[in-house]
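Here is how the chains run, residue by residue.
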Amino acid sequence: MDFALSEEQTAIFDMAYAFGQENIAPFAQQWEKDETIPKDLWPQIAELGFGGLYVSEESGGSDLSRLDATLVFEALSMACPSVAAFLSIHNMCAKMLDSFADDELKSRVMADVLSMNTVLSYCLTEPGSGSDAAALKTKATRTNEGYTLNGTKAFISGGGYSDAYVCMVRTSDDGAAGVSTVYVEDGTEGLSFGGLEDKMGWRSQPTAQVQFDNCNINSDNLVGEEGKGFKYAMKGLDGGRLNISACSLGAAQTALNKTLEYMGERKAFGKSIDQFQGLQFRLADMEIELQAARVFLRQAAWKLDTGAPDATKFCAMAKKFVTEVGSKVVDQCLQLHGGYGYLADYGIEKLVRDLRVHQILEGTNEIMRVIVSRDMLKNR
């Protein structure tokens, strides 16, 4: 059993880290104030091969493993977890297209997806269906040319910002088996967006409702087969859970690094605060938890890459554990910064806000517990 990264994996991490520190970190707080990410960032990221991280080489992607991809997201989130998480969403959509779209649709859209001239959003959640995703109501009615869409998607990262939307819609009333996946391009008549949501964190990501009002799409915008959309969506979530965990891990590592520096400079009672044993214990606890989270995450990614039968369970366990550790660590880092941690200038309070949502999206951490316990009961 070898826990070391290969030279290639180390190079992948270093490349992503260097890009993030030069092109994202210096601007992250301003982008948060602007409530948007400059569109010209994405083609720069795509030049590194990050527009299709685990898209097959045959389709023009980088064909990296899920473990490799977690290294990219951990490294980029050390610059800004909001930007890194948005890239994860695009990659989840790109993988769905690569895996399930027919050759005609792929030949039409994949080149721009991989270059990130087309930025993708994932549309599953609705105002009345979150954890119970199979209860979605957005309707796709068959027409001679394709489908007419009616309904609303909620909490969509990139709503009104992205160039295309990979949407789960209802093509029949047959529960999860009645869900299909369609590709809807920005500018399609009948596609509109709600106002920007005023969020606690991830503020640089424009988030809005995506609304369909007699929105007509052609039949060749169906992704894969009718009735398979829910399965497609769920397959994407295992990897998405790993990615969002990696974003928590990288951001928490940045917070800990900043805290170590601050504690060496901040003096109280005649000495730097890193010399107080009680505070040293806190540092040790955070380091232990982050190292444990990192190993757990990479084990889950390895299981997904190798097709292990318990991969979904491990992805759920890792997502629950790593995102909660990440939030706990950044909160402790804020505490160790004292009043300065509460100020935006130090960048810690942003990480506290950004990481909180990681326990909610890609399946809430309560749903992660459901997945784990069901697997345990089934296999007892």
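Coordinates for the structure precede this section.
Criteria and thresholds
- Residues numbered from 1 in each chain as written.
- Predicted model: local features only at pLDDT ≥ 70, side-chain atom pairs only at ≥ 80, totals over all residues.
- Heavy atoms only, no water.
- Helix = DSSP H or I, 4+ residues; strand = E, 2+ residues; numbered from the N terminus.
- Rg over C-alpha atoms; globule rule 2.2 N^0.38 Å.
- Buried < 20%, exposed > 50% of the residue type's maximum accessible area, 1.4 Å probe, protein only.
- Areas by Shrake-Rupley, 256 points an atom, 1.4 Å probe, with all protein chains shown as cover.
- Pairing = 2+ DSSP bridges.
- Salt bridge = Lys/Arg side-chain N within 4 Å of Asp/Glu carboxyl O.
- Disulfide = S-S within 2.5 Å.
- Expected span 1.5 Å × (residues − 1).
- Bend = angle between axes of the 7 residues up to and from the residue.
- Contact = heavy atoms within 4.5 Å.
- Phe/Tyr/Trp six-rings, centres within 6.5 Å; stacked < 30°, edge-to-face > 60°.

1. Overview of the overall build of the chain
Thinking step 1. Along the backbone of the chain there are 11 helices and 10 strands.
Thinking step 2. What you see for the chain is a C-alpha radius of gyration of 21 Å, in line with the 21 Å of a compact globule of 380 residues.
Thinking step 3. Across its three principal directions, the C-alpha atoms of the chain cover 80 × 50 × 40 Å.
Thinking step 4. Counting only residues that meet the buried cut, the chain has 52% of its 380 residues in that class.
Thinking step 5. Carbon and sulfur atoms form 50% of the exposed surface of the chain, whose accessible area is close to 16700 Å².

2. Side note on the pairing of strand β1 (residues 120-123)
Thinking step 1. Neither face of β1 is exposed, since Leu120 and Tyr122 on one face and Ser121 and Cys123 on the opposite face are all buried.
Thinking step 2. In the sheet, β1 pairs with strand β4 (residues 164-170) via 4 bridges, with the strands oriented parallel. When the bridges of β4 are listed, Cys123 appears paired with Cys167.

3. A few points about the pattern of salt bridges
Thinking step 1. All chains considered together, the criterion is met by 21 salt bridges.
Thinking step 2. A salt bridge links Arg298 to Glu74, with the nearest nitrogen and oxygen atoms 3.3 Å apart. A residue pair is termed long-range when its members are at least 10 positions apart, and Arg298 in helix α8 (residues 277-306) and Glu74 in helix α4 (residues 66-77) qualify at 224 residues.
Thinking step 3. The salt bridge partner of Glu289 is Lys328, with a shortest N-O separation of 3.1 Å. On the criterion of sequence distance, the pair formed by Glu289 in helix α8 and Lys328 in helix α9 (residues 311-337) is long-range, its members being 39 residues apart.
Thinking step 4. By relative accessible area, Lys328 is classed as partly exposed at 46%.
Thinking step 5. A network of salt bridges, in which partner residues are shared, links Glu104, Arg108, Glu185 and Asp220.

4. Structural notes on the state of the cysteines
Thinking step 1. Scanning the model with the defined rule gives 0 disulfides in all.
Thinking step 2. Summary of cysteine pairing: Cys247 is not part of a disulfide, and the nearest cysteine sulfur, belonging to Cys80, is at 9.4 Å.
Thinking step 3. When its relative accessible area of 0% is taken as the criterion, Cys247 is described as buried.
Thinking step 4. The cysteine Cys315 is free of any disulfide, with Cys247 supplying the nearest cysteine sulfur at 15 Å.

5. Focus on unusual backbone geometry
Thinking step 1. Notably, Asn214 is not glycine yet its phi reads approximately 50°, a positive angle.
Thinking step 2. Its relative accessible area of 48% is what places Asn214 among the partly exposed residues.
Thinking step 3. The backbone of Glu362 sits at a positive phi, close to 55°, despite the residue not being glycine.
Thinking step 4. Mapped onto the fold, Glu362 is located in the loop between α10 (348-356) and α11 (365-378).

6. Overview of helix α6 (residues 103-115)
Thinking step 1. The terminal C-alpha atoms of α6, which comprises 13 residues, lie 18 Å apart, in line with the 18 Å expected from a rise of 1.5 Å per residue.
Thinking step 2. At Val109, α6 shows its largest kink, close to 45°.
Thinking step 3. Of the positions making up α6, those classed as buried are Leu105, Lys106, Val109, Met110, Val113 and Leu114.
Thinking step 4. Lining the buried residues of α6 we find α3 (41-46), α5 (81-100), β1, β5 (179-185) and β8 (222-223).
Thinking step 5. Two residues or fewer after α6 comes Met116, characterised by a positive phi angle close to 60°.

7. Focus on the environment of Val113
Thinking step 1. Along the chain, the position of Val113 falls in helix α6.
Thinking step 2. Among the residues examined, Val113 registers a relative accessible area of 0% and is labelled buried.
Thinking step 3. Taking the C-alpha atoms as reference points, Val113 and Cys93, separated by 20 residues in sequence, lie 9.4 Å from one another.
Thinking step 4. The contact partners of Val113, leaving out residues within four places of it in the chain, are Gly51, His90, Ala94, Leu97, Thr118, Leu120 and Tyr183.

8. What to know about the packing of aromatic side chains
Thinking step 1. Going through the model one piece at a time under the given rule, you end up with 12 aromatic pairs.
Thinking step 2. Ring centres of Phe86 and Tyr161 lie 5.6 Å apart, and the angle between their planes is 85°; on these two criteria the pair is classed as edge-to-face. A residue pair is termed long-range when its members are at least 10 positions apart, and Phe86 in helix α5 and Tyr161 in the loop between β3 (146-157) and β4 qualify at 75 residues.
Thinking step 3. Here Phe86 falls in the buried class, since its relative accessible area comes to 1%.
Thinking step 4. Ring plane angle 45° and centroid distance 5.4 Å describe the contact between Tyr340 and Tyr346, whose orientation is recorded as tilted.
Thinking step 5. Members of the aromatic cluster, each reached through a chain of ring pairs, are Trp42, Phe86 and Tyr161.

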